[in-house]
Number of protein chains: 2
Amino acid sequence: MEIIEGGVCAAKGFSAAGIHCGIRKNKTKRDLALIYSEVPASAAAVYTTNLVKGAPLTVTKKHISDGVAQAVLCNSGNANTCNADGIEVAEKMCSLLSENIAVKPNDVIVASTGVIGQKLDVTPIAVGLPLLVSELGSSKENSLNAAEGIMTTDTVVKEISVKFTVGGKECHIGGIAKGSGMIHPNMATMLVFITTDAAIAPEMLRKALSSDIQNTFNMVSVDGDTSTNDMVAVMANGMAGNEPITGEGEDFAEFMKALNTITVYLCRKIAGDGEGATKLIECSVSGAETKETAKTVAKSVITSSLFKAAMFGADANWGRVLCAIGYSGADVDVSKIDVSFESKAGRVDVCRNGAGIDFSEATAKEVLSEREINVLINLGSGSGEAVAWGCDLTYDYVKINGDYRT
Amino acid sequence: MEIIEGGVCAAKGFSAAGIHCGIRKNKTKRDLALIYSEVPASAAAVYTTNLVKGAPLTVTKKHISDGVAQAVLCNSGNANTCNADGIEVAEKMCSLLSENIAVKPNDVIVASTGVIGQKLDVTPIAVGLPLLVSELGSSKENSLNAAEGIMTTDTVVKEISVKFTVGGKECHIGGIAKGSGMIHPNMATMLVFITTDAAIAPEMLRKALSSDIQNTFNMVSVDGDTSTNDMVAVMANGMAGNEPITGEGEDFAEFMKALNTITVYLCRKIAGDGEGATKLIECSVSGAETKETAKTVAKSVITSSLFKAAMFGADANWGRVLCAIGYSGADVDVSKIDVSFESKAGRVDVCRNGAGIDFSEATAKEVLSEREINVLINLGSGSGEAVAWGCDLTYDYVKINGDYRT
């Protein structure tokens, strides 16, 4: 497997574009993105578990119920959620696209992200679509433009692609993501679009995606708020020419590995670009009785506001790690817990067997002043492991969210 | 029922004191508090559900297993938690007190609050106890001094007392509390000490307290972090001379009402004094199918970081209220939800039947700029109701917790 350029355009037969059509007030911000496959593709998606669901999710779910899609159309600046006419608008977006390019409305994955509860005016989209379609292309810039088109408070573009081999054929897979605030996915996730030219049956694509997100996007939290519009969608158009993957085995394992490379990378990008964040926090739990326990503990730690504020201050306040483990709901033996902090600057052990040990505050400060921190927790009770990703809690998170709508 | 002065000294036979003994570096901060009853009292307490428990809680639980206590000894500045010698130190505090005043060590409720994982040196307590005991008194200043002695990042003293009548006898009940950060009690709560001269059997006192906290302290959240040292303890010394309450009925109901007045007041004080908070947020949910649903929804809303940041910015971003209801886990019909914001400045309806309605942003800004905000949610599906208390998320929360230990 090898990292390559191209994002969602890395796989054969996919093109992309991103433009400013006028949904966002700031004219320098792209707000409409399109990903298109030359041929209809196997498609799978997972969605937020929030009972309040964005209208585009309902429409997308219906459209890919047959396991086929050919395009992703996504706007930023407005979530099209909690609006009386939401479904109608989302369906209109799909039929408008179909008037501009060869795609059936029910082969369109439609998505929206931005403020909740404000009507989405479809006019700028209708006016912008001819330009969007004319800008379609397969260069790396095209993927970058699409990645920008789905951003809201994100400060960096999130994009990755790799090449891998299935049954002797070179395949490609790439993805773009947006996500910065309201990030605490549950069984589903923020907006992520992945394309691949590997040939894989829709049911195996669904299986791969559902299994992967349990250890990737569902282990990310920026602020504990599960969004109404989370979605990860994958399209696999089979143009790599490999023998289609129709069951488990070596080829499926290879595909899962490539998919996981894409998703872990995007998870880290999303967590590290959490609203206001100055640091990416990775929490690695080992020694758990079960994987489930390890996951519960890892997620509880990266979700704790107190722990996150301590990370912002580079304060080795490990008591807050113990506290978050203790209230996580996981069944752990506190007297066996070890905790360390690690980063490029080194490693410092701060707690052994549930009690504090002497450590150098100066070293701890150095370790915690890096951009990427790993919190290592050993529960001393088994071989279950898990990793979760989060970020620090900063003044800027409050600033960004104190007046998001203006 | 009538609000009176005196706090924990309002009830007959109780005295209190608070001094600086040297656990906290700042000499102007009291760090040791004592509440004492002339005679042994019925006692009940509830504790944190965090698996990581402060050593004093383990010792207190043992001491009041017989339903009797005569004194509360509490230090601030150090939580005596996650220390290898924690139990030993907590027990030493009780035996030291017993050397200075007429109380059996196992009739002492002992508590600690402050940083986790640093050894608690018992020397300043040993040296300070004679002064602490000599300062015992029953004036309102004595209660205030004790209330100050248990404070950490609290910015205001939390104290209340009322008089009420049981079986024709005038009774008194009063309480003090500390709590500002790491506030998200679950089946137990922050540090609260309540005294009453009502005569009530230990099992009825336990029943009253366990029932009350479900709708009071367990409905408060400052930051979603359930502390390791939460405790609410009540002592009832019977000196009011009422016929002892030994079962349910009118007298018990009267006592429950008085207790609830104390606890609701202290809940509002704790939430309003949340670390860095500029506003008290009350979330009142009605129209739920069950009380449990109403509680889940109310608590989810006041716990949402995004909602709390919006309240800080006086931004009527009601989509975040809907979002928090949606991911709360409660089974609700989104299309029936109404939301309004209310304060001294008026009321503004922002959402009806799960969709936005037109409202004046100027009025909303005025309503949300007050110190106390009520979020009114009607789920339109039944008669279940609940109230939860929280606060806004501010720059100062991050500042306070970015470097708590220094």
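Residues numbered from 1 in each chain as written. Chains lettered and ligands numbered in written order. Predicted model: local features only at pLDDT ≥ 70, side-chain atom pairs only at ≥ 80, totals over all residues. Heavy atoms only, no water.

The helix and strand tally for chain A stands at 11 helices and 15 strands. For chain A, the C-alpha atoms occupy an extent of roughly 70 × 50 × 35 Å along the three principal directions. Looking at chain A residue by residue over its 406 residues, the buried ones come to 63%. For chain A, the proportion of contacts with a sequence separation of at least 24, taken over those separated by at least 6, is 81%. Accessible area of chain A: about 13,900 Å², with a carbon and sulfur share of 49%. The averaged location of the 48 negative side-chain charges in chain A is 4 Å from the averaged location of its 36 positive side-chain charges. (Helix = DSSP H or I, 4+ residues; strand = E, 2+ residues; numbered from the N terminus. Buried < 20%, exposed > 50% of the residue type's maximum accessible area, 1.4 Å probe, protein only. Contact = heavy atoms within 4.5 Å. Areas by Shrake-Rupley, 256 points an atom, 1.4 Å probe, with all protein chains shown as cover. Lys, Arg positive; Asp, Glu negative; His and termini not counted. Charge placed at Lys NZ, Arg CZ, Asp CG, Glu CD.)

Throughout the structure, instances matching the rule amount to 22 salt bridges over all chains. Here Arg352 of chain A ties to Asp349 of chain A by a salt bridge, and the two come within 3.8 Å at their closest N and O atoms. With relative accessibility at 45%, the residue Arg352 of chain A sits in the partly exposed group. A salt bridge links Asp273 of chain B to Lys158 of chain B; the shortest N-O distance between them is 2.6 Å. Of this pair, Asp273 of chain B sits in the loop between α6 (250-272) and β10 (280-288) while Lys158 of chain B sits in strand β6 (residues 158-166), placing them 115 residues apart in sequence. Both residues of the pair, Asp273 of chain B and Lys158 of chain B, belong to the buried class. (Salt bridge = Lys/Arg side-chain N within 4 Å of Asp/Glu carboxyl O.)

It is worth spelling out the interface of chain B and chain A at this point. If you look at the interface, chain B gives 54 residues, while chain A gives 54 residues. Across the contact surface, chain B and chain A share zero salt bridges. Linking chain B with chain A are two residue pairs in polar contact (both at pLDDT 80 or more). Where the side of chain B that touches chain A is concerned, the elements lending two or more residues are α8 (305-312), α9 (319-326), β13 (355-356), α10 (361-368) and α11 (395-402) of chain B. (Polar contact = N/O pair within 3.5 Å; in protein donor to acceptor, adjacent residues only side chain to side chain.)

What follows is about the relation of the copies chain B and chain A. Take chain B, turn it by 180°, move it 0.0 Å along the axis, and it overlays chain A with an RMSD of 0.0 Å. Such a combination of turn and shift is consistent with a two-fold rotation axis. Taking the C-alpha atom as reference, chain B places Tyr395 of chain B closest to the rotation axis, 2.5 Å from it. Counting the interface residues of chain B, we find that 100% of their copies in chain A are interface residues as well, pointing to one common contact surface. (Least-squares fit on C-alpha atoms with pLDDT ≥ 70 in both.)

With that settled, consider the packing of aromatic side chains. Working definition: an aromatic ring pair is given by the centre-to-centre distance plus the angle between the planes. Throughout the structure, instances matching the rule amount to five aromatic pairs over all chains. Here the aromatic rings of Tyr395 of chain A and Tyr395 of chain B are separated by 6.3 Å at their centres, their planes lie at 65°, and the arrangement is edge-to-face. A residue pair is termed interchain when its members come from two chains, as with Tyr395 of chain A in helix α11 (residues 395-402) and Tyr395 of chain B in helix α11. Tyr395 of chain A gets classed as partly exposed once you look at its relative accessible area, which sits at 31%. The rings of Phe312 and Tyr395 of chain A together with Phe312 and Tyr395 of chain B are connected pair by pair, giving a single aromatic cluster. (Phe/Tyr/Trp six-rings, centres within 6.5 Å; stacked < 30°, edge-to-face > 60°.)

Following the sequence through the fold, Asp223 of chain A ends up in the loop between α5 (202-213) and β9 (231-236). We classify Asp223 of chain A as buried; its relative accessible area is 7%.

A few words on the pairing of strand β4 (residues 68-78) of chain B. Residue and element names in this part refer to chain B. Taking burial as the measure, the 11 residues of β4 include nine buried ones, the bulk of the element. As paired elements, strand β3 (residues 32-47) and β4 share seven bridges and run antiparallel to each other. Each bridged residue has a counterpart across the sheet, and for Ala33 the counterpart in β4 is Cys74. (Pairing = 2+ DSSP bridges.)

A separate point is the sheet that holds strand β11 (residues 338-343) of chain B. Residues and elements named next belong to chain B. One open sheet accounts for six strands, arranged β13-β12-β11-β14-β10-β15; its pairing is mixed. The sheet terminates laterally at β13 and β15 (384-391), the two strands that pair on one side only. Inspection of the sheet shows strand β12 (residues 346-352) paired to β13 by two bridges, in the antiparallel sense. The residue bridging Cys351 from the neighbouring strand is Gly356, located in β13. Its contacts with the sheet put α6 on β10, β14 (372-378) and β15, and the angle it makes with β15 is roughly 40°. (Axes fitted to C-alpha atoms, helices over the stretch in contact; angles between N-to-C directions.)

Now for α11 of chain B. Among the residues making up α11 of chain B, those that are buried are Tyr397, Val398, Asn401 and Gly402 of chain B. All buried residues of α11 of chain B fall inside an arc of 120° around its axis, so they share one side. Buried positions along α11 of chain B lie against α8 (305-312), α9 (319-326) and α11 of chain A. (Arc of directions from axis to C-beta.)

For the rest of this paragraph, the subject is the confidence of the model for chain A. When pLDDT is averaged along chain A, the result is 89; 97% of the residues meet or exceed 70. Here the predicted complex carries an ipTM of 0.77, next to a pTM of 0.80. (pLDDT = per-residue confidence, 0-100.)

Residues and elements named next belong to chain A. Where α5 meets helix α6 (residues 250-272), the axes come as close as 10 Å, and the angle between the chain directions of the two elements is 45°. One finds that α5 runs oblique with respect to α6. When the axes of α5 and α6 are compared, the crossing they make is right-handed. Contacts between α5 and α6 involve Met204, Leu205, Lys207, Ala208, Leu209, Ser211 and Asp212 from the former and Phe252, Phe255, Met256, Leu259, Asn260 and Thr263 from the latter. (Parallel < 35°, antiparallel > 145°, perpendicular 65-115°, else oblique. Left-handed = near helix turned anticlockwise from the far one by under 90°.)

All names here are of chain A. The six strands lie next to each other as β13-β12-β11-β14-β10-β15, forming an open sheet whose pairing is mixed. Sheet topology places β13 (355-356) and β15 (384-391) at the edges, where each strand pairs with a single neighbour. Pairing geometry for strand β10 (residues 280-288) and β15, over seven bridges, is antiparallel. Its bridge partner being in β15, Ile281 is matched across the sheet by Gly390. Packing of α6 onto the sheet brings it into contact with β10, β14 (372-378) and β15, and relative to β15 it is tilted by some 40°.

This paragraph deals with the environment of Pro40 of chain B. Residues and elements named next belong to chain B. Tracing the backbone through its elements, the reader meets Pro40 in strand β3. In this structure, the C-alpha to C-alpha distance between Pro40 and Ala236, residues 196 residues apart in sequence, is 8.7 Å. Excluding residues within four positions of it along the chain, Pro40 makes contact with Val68, Ala69 and Gln70.

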